[in-house]
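Listed below, chain by chain, are the residues.
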Amino acid sequence: MSSSQPIVRQINWFSVFPQVLVLVVICGIYYYMGVSDFILWGAGTYLLLSFFLRRMIPINQRKGIVYLKKKQYQKALDEFKLSYEFFKRYNWIDKYRFVVLLSSSRISYTEMALANIAFCYGQLGEGAKSKEYYENILKEFPDSQIAIVSLKMFDAAKDMRE
């Protein structure tokens with residue numbers, strides 16, 4: 001089933017190694033505690049921890065995605081702005097998200113929040129503000145493919161009108 005919204009997931013395969021290390025450490029703790037099914041308990045704990053961390057810490061990002069899927073773009077915009085502010089304030093969480101949040105995403109939450117803000121402005125008919133946010137993404141994240149492609153779309157649309 002295809003998504004009704006352009007949601008992109010890119011994996012940073014390098015970040016998988018520290019996550020496996022976290023899993024091994026958790027299993028090791030159960031092993032040293034004398035738990036007979038230490039691998040099962042370790043994997044279960046890792047999954048619960050992963051689920052909890054990804055649901056609770058980037059809560060505004062998650063709420064924004066829910067609103068985005070419901071096409072409630074103004075509410076989504078407000079949540080993504082809160083998410084951006086949170087991850088700018090606590091940038092260490094975003095920088096080390098592969099361990100802190102057990103997230104393998106190649107794109108940081110800060111970049112995701114900005115891209116989602118830009119997308120919401122576009123959906124609200126505020127093209128100039130949308131383009132401004134995509135340009136801001138490139139200032140913070142010069143290699144952002146989402147921003148590069150989106151700005152090319154703006155240029156292509158401008159060329160079509162001329």
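In this text, all values refer to a predicted model and were calculated from it rather than measured experimentally.

(A) Quick peek at the pattern of salt bridges. What the rule picks out here adds up to two salt bridges. The partner of Glu140 in a salt bridge is Lys88, with the nearest N and O atoms 3.1 Å apart. Pair noted here: Glu140 is in helix α8 (residues 127-140) and Lys88 is in helix α4 (residues 73-89), with a separation of 52 residues, a long-range link. Using a relative accessible area of 42% as the deciding quantity, one classes Lys88 as partly exposed.

(B) Region of interest: the side chain of Ser108. Its location among the elements puts Ser108 in the loop between α6 (97-100) and α7 (109-123). Judged by its relative accessible area of 9%, Ser108 falls in the buried class. Polar side-chain contacts of Ser108 include one of 3.1 Å to the backbone nitrogen of Glu111. Ignoring any residue separated from it by four or fewer positions in sequence, one finds Ser108 in contact with Asp94, Arg97 and Phe141.

(C) Broad picture of α4. In this model, α4 (17 residues) spans 24 Å end to end at C-alpha, consistent with the 24 Å of a helix rising 1.5 Å per residue. Within the span of α4, buried status applies to Tyr73, Ala76, Leu77, Glu79, Phe80, Ser83, Tyr84 and Phe87. The buried residues of α4 all sit within an arc of 170° when viewed along its axis, so they share a single face. Packing partners of the buried residues in α4 comprise α3 (59-69), α5 (91-95), α7 and α8.

(D) Representation of the nonpolar core. Residues Leu68, Phe80, Ile117, Cys120, Tyr133, Tyr134 and Ile137 are the most contacted members of the largest nonpolar core, which totals 19 residues. Every element with two or more residues in this core is listed here: α4, α7, α8 and α9 (145-161).

(E) Representation of the environment of Glu140. On the basis of relative accessible area, Glu140 is assigned to the partly exposed category, the value being 32%. Spatially, the C-alpha atoms of Glu140 and Leu114 are 9.9 Å apart, while their sequence positions differ by 26 residues. With sequence-adjacent residues up to four places away left out, Glu140 is seen in contact with Tyr84, Lys88, Thr110 and Leu114. A polar contact of 3.1 Å, which involves the side chain of Glu140, links it to the side chain of Lys88.

(F) Layout of the side chain of Ser144. Here Ser144 is to be found in the loop between α8 and α9. Leaving out residues up to four positions away in the same chain, Ser144 has contacts with Glu111, Ile137 and Leu138.

Conventions adopted
- Residues numbered from 1 in each chain as written.
- Predicted model: local features only at pLDDT ≥ 70, side-chain atom pairs only at ≥ 80, totals over all residues.
- Heavy atoms only, no water.
- Salt bridge = Lys/Arg side-chain N within 4 Å of Asp/Glu carboxyl O.
- Helix = DSSP H or I, 4+ residues; strand = E, 2+ residues; numbered from the N terminus.
- Buried < 20%, exposed > 50% of the residue type's maximum accessible area, 1.4 Å probe, protein only.
- Polar contact = N/O pair within 3.5 Å; in protein donor to acceptor, adjacent residues only side chain to side chain.
- Contact = heavy atoms within 4.5 Å.
- Expected span 1.5 Å × (residues − 1).
- Arc of directions from axis to C-beta.
- Core = buried A, V, L, I, M, F, W, Y, C linked by side-chain atoms within 4.5 Å.

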